[in-house]
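Descriptive analysis of the structure
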Amino acid sequence: GDGPFNIALSNSYIGNVWRTQMIQMAQAFVQHDDIASQISEFQVNSSGTDDAAQIASIEDMISRGAQAIVVNANTPGGQVNVLEQARADGIVVVAFDNTIDSDNVVQVNADQVEMGRQLAQFLVDETGGEGKILMINGVAGTTVDNDRREGAYSVFDQYDGIEYIEVVGEWDPGKAQTATATALGSNSDIAGVWCQGGTNGAFQAFLDAGVPPVPFAGEAENGYRKQMLEYADEINCLSIGQTPAMVCVAIRVALDLLQGNEVPSFVGMPLPSATTAELEPGVNVFPDAPDNFFTPIQVPGCGVDLTIEEIQAQEI
């Protein structure tokens, strides 16, 4: 068709900064002139960690005329039936971040297994394959959490000298900080930290406990990267970013499909990374920006060129 189109964004979990920023970026993206002219209505709903609630929200969006559904699913299988029925009814479906178990929708995602593997390998290299690693996991049951842990295990399990303990941080700085503080209470000999998200909170737990920071391998929160800079003379760290801008790529994919353009069944996103030595203020770390802000905000190859100001101006 020629458009403009009714686009729906169905999000599940909303309890961390990445999800909040993702929605802000989606709202900013659809206001860009070249995108806004193609959209008649942009629906957004965050249903939480309940499959039934997300199914109900998707059904409501369809009843309100959604021609394409861009979905960050609660679980791999929980929303499959309603989304495959939507496809059968001629509605475009694009899954991103936490993808779904279906061959009938386009998936937009980074290689989560590889991200978990790279974070783990960095810590093995830094520790010499010896010591206790604190693993701070994400939201249980999601594909992202499952895949990142799979990548980490594939590395850690090769080394007899590596012992890992796991806690749940749900990709949230506050929860990661609490979980880390509790772990430090009974594990004073942690040699490295593998963190899926909320990394700045986990790092702060070390500082609050008076424990010298150890090598961290975590996400791309601005606060964490500022901590990396501050302690550059003491430890080497790695930050790998899964950009919240993948929602913008998913929206662009949906618009392409609605207009009859072919796209790959899987759209792979980059995993921009930086070690302590590779940080550049104003480029991949922003000293004057909030801590709880994910630094990879542009995807030039997909026409996503948002600014910090545009993103922060959005209300949820």
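Residues numbered from 1 in each chain as written. Predicted model: local features only at pLDDT ≥ 70, side-chain atom pairs only at ≥ 80, totals over all residues. Heavy atoms only, no water.

**Let's talk about the sheet that holds strand β10 (residues 238–240)**
- With mixed pairing, six strands are arranged side by side in an open sheet as β7-β6-β8-β9-β10-β12. Here the strands that pair on one side only, and so sit at the sheet edges, are β7 (162–168) and β12 (273–275). Within the sheet, the average angular offset between the axes of one strand and its neighbour, ignoring direction, is 15 degrees.
- Across two bridges, the pairing between strand β9 (residues 216–218) and β10 is parallel. In the sheet register, Ala 217 faces β10, and the bridge partner there is Leu 238.
- Packed onto the sheet, helix α5 (residues 112–127) meets β6 (131–137), β7, β8 (190–195), β9 and β10 and runs at close to 165 degrees relative to β8.
- Seen against the sheet, helix α9 (residues 222–230) touches β9, β10 and β12 and runs at an angle of roughly 160 degrees to β10. (Pairing = 2+ DSSP bridges. Helix = DSSP H or I, 4+ residues; strand = E, 2+ residues; numbered from the N terminus. Axes fitted to C-alpha atoms, helices over the stretch in contact; angles between N-to-C directions. Contact = heavy atoms within 4.5 Å.)

**Details of the sheet that holds strand β1 (residues 5–11)**
- In spatial order, the strands read β2-β1-β3-β4-β5-β11; together these six strands make up an open sheet with parallel pairing. Every interior strand has two partners, whereas the edge strands, β2 (39–46) and β11 (266–268), have only one. Each strand axis lies, on average, 15 degrees off the axis of its neighbour in the sheet, ignoring direction.
- In terms of strand pairing, strand β3 (residues 68–72) meets strand β4 (residues 92–96) through four bridges, oriented parallel. The partner of Ile 69 across the bridge, within β4, is Val 93.

**Here's the deal with the environment of Asp 172**
- Secondary-structure assignment places Asp 172 in the loop between β7 and α7 (173–186).
- Distance in space between the C-alpha atoms of Asp 172 and Asn 16 is 4.9 Å, their sequence separation being 156 residues.
- Ignoring any residue separated from it by four or fewer positions in sequence, one finds Asp 172 in contact with Gly 15, Asn 16, Gly 197 and Gly 198.
- At 3.2 Å, the side chain of Asp 172 forms a polar contact with the backbone nitrogen of Gly 174. (Polar contact = N/O pair within 3.5 Å; in protein donor to acceptor, adjacent residues only side chain to side chain.)

**As for the pairing of β8**
- Counting buried residues along β8, five of its six residues qualify, which places the element largely inside the surrounding structure.
- In this structure, β6 lies alongside β8, joined through five bridges in parallel fashion. Its bridge partner being in β8, Ile 136 is matched across the sheet by Cys 195.
- Of the strand pairs in this sheet, β8 and β9 are connected by two bridges, and their pairing is parallel. Counted as the bridge partner of Val 193 is Phe 216 from β9.
- With helix α8 (residues 199–208) bridging β8 and the parallel β9, this β-α-β connection has right-handed handedness. (Buried < 20%, exposed > 50% of the residue type's maximum accessible area, 1.4 Å probe, protein only. Right-handed = clockwise from strand over helix to strand, strands pointing away.)

**A closer look at the environment of Val 285**
- When you line up the elements, Val 285 lands in the loop between β12 and β13 (298–299).
- Judged by its relative accessible area of 0%, Val 285 is buried.
- Once the C-alpha coordinates of Val 285 and Gly 169 are considered, the two residues, 116 residues apart in sequence, prove to be 23 Å apart.
- Setting aside residues up to four positions removed in sequence, Val 285 forms contacts with Asn 222, Arg 225, Lys 226, Leu 229, Leu 279, Glu 280 and Thr 295.

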